[in-house]
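What follows is each chain in one-letter form.
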Amino acid sequence: MKVAVLTQTGTTPAYADFPDPQPSSGHVVVDVTAAGVHHLDLAKASGAFGDPGTMPYVIGADGVGRTAAGRRVFFTSPVAPHGSWAERTLVAEQDLLDLADGVDDVTAAALGNTGLAAWLALTWRANLQPGQNVLVLGATGALGSVAVQLAKALGAATVVAADRNPDRLARSREHGADATVTITPDTDLVGAFRDVVGERGFDVIIDPVWGEPALAAMHVAARGARHIQIGQSAGATIQLPAGIIRAARLEILGFAHIDPPVQVRRDAYLKLTELASTGALTIDTMTVPLSECRRAWELQQQGAPSKLVLTP
């Protein structure tokens, strides 16, 4: 079968032949129809998480496909050395999630771990309640754009989208954001956040960026706010005064989409794809053939404007 395979850490995957996966007890072969492209794929291949262990291995952490029995599924965590950037992969049966009938495979794959992270960060981790205020940092990214829509769908009073690109932030307005804040080196972010949310502040902060934007957001946190830390694209460290945490009784909560129990994830993914099937949730996608995996890799490195999805 054809796959995108990595033969050496720190290099780019190649489109090549690879042995077919074989079914085994508790594991099934999935014919892949669409696979998500994530920063995590690049980080793992770079060696940022240490020695991958299995080499060569097929790139890709999640995707959509069909089992031999014809079941259409979203899957995560393929069994090494297999991955989702392939015509076929091997997955533990417990890691198969069902999806709504009306959603197409590319949208379902794009919503995959990215959409799950947004949904579960807001619900399972932050316990967002109707009427609360939400700030989404990195709002023009795939996770951020979904989080903006979901926060509104879940009944947030005010949803503020913040990111660096003002043109792409305009899309956040279309996705339901009540206000936007453009992050630039000259922006007084604390003042800008206060201007759009008022004295009450933010009850929930979705943070895939960290760095200075995260620190500014904490200055505008409501009492008892939950700051959900997901990533660090704006910086790995900050200098955080203790008084900010005490004053707001702020909870800083780390989160990864794999944290919730599997049944919680199953229920969340079904709800996500149901929303997408009705048009209540949208995600901008860019489809690239598996044979052009190198181009997809480069686009992800450069910061693709839409969620990248590979199709065999």
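For the structure given in this document, a descriptive report is provided here. (Residues numbered from 1 in each chain as written. Predicted model: local features only at pLDDT ≥ 70, side-chain atom pairs only at ≥ 80, totals over all residues. Heavy atoms only, no water.)

On the basis of which strands lie adjacent, the open sheet formed by three strands has the order 2-1-4 and antiparallel pairing. In this open sheet, the two strands that pair with only one neighbour each are strand 2 (14-17) and strand 4 (57-58). Here two bridges tie strand 1 (residues 2-6) to strand 4, and the two strands are oriented antiparallel to one another. Along strand 4, the bridge assignment pairs Val-5 with Val-58. (Pairing = 2+ DSSP bridges. Helix = DSSP H or I, 4+ residues; strand = E, 2+ residues; numbered from the N terminus.)

Take the sheet that holds strand 9 (residues 133-137) next. Taking strand neighbours across the sheet as the criterion, the six strands line up as 11-10-9-12-13-14 in an open arrangement whose pairing is parallel. Two strands lie at the open edges of the sheet, namely strand 11 (179-182) and strand 14 (251-254), each paired on one side alone. In this sheet, adjacent strand axes meet at a mean angle of 15° when their direction is disregarded. As paired strands, strand 9 and strand 12 (residues 202-207) are joined by three bridges and run parallel to one another. What sits directly across from Leu-135, in strand 12, is Ile-205. Each of strand 10 (158-163) and strand 11 touches helix 4 (residues 166-174); the most contacted strand, strand 11, lies at about 165° to it. (Axes fitted to C-alpha atoms, helices over the stretch in contact; angles between N-to-C directions. Contact = heavy atoms within 4.5 Å.)

On to the packing of aromatic side chains. For any pair of aromatic rings, geometry is given as the distance between the ring centres together with the angle between the planes. Counted according to the given criterion, the structure contains four aromatic pairs. When the centroid spacing of 4.6 Å and the interplanar angle of 25° are considered together, the rings of Phe-74 and Tyr-269 count as stacked. One end of the pair, Phe-74, is in strand 6 (residues 72-76); the other, Tyr-269, is in helix 8 (residues 262-278), and 195 residues separate them in sequence. Grouping residues by exposure puts Phe-74 and Tyr-269 together as buried. Between Phe-193 and Phe-202, the ring centres sit 6.0 Å apart and the planes meet at 85°, which makes this aromatic pair edge-to-face. As far as burial versus exposure is concerned, Phe-193 and Phe-202 are alike and both buried. (Phe/Tyr/Trp six-rings, centres within 6.5 Å; stacked < 30°, edge-to-face > 60°. Buried < 20%, exposed > 50% of the residue type's maximum accessible area, 1.4 Å probe, protein only.)

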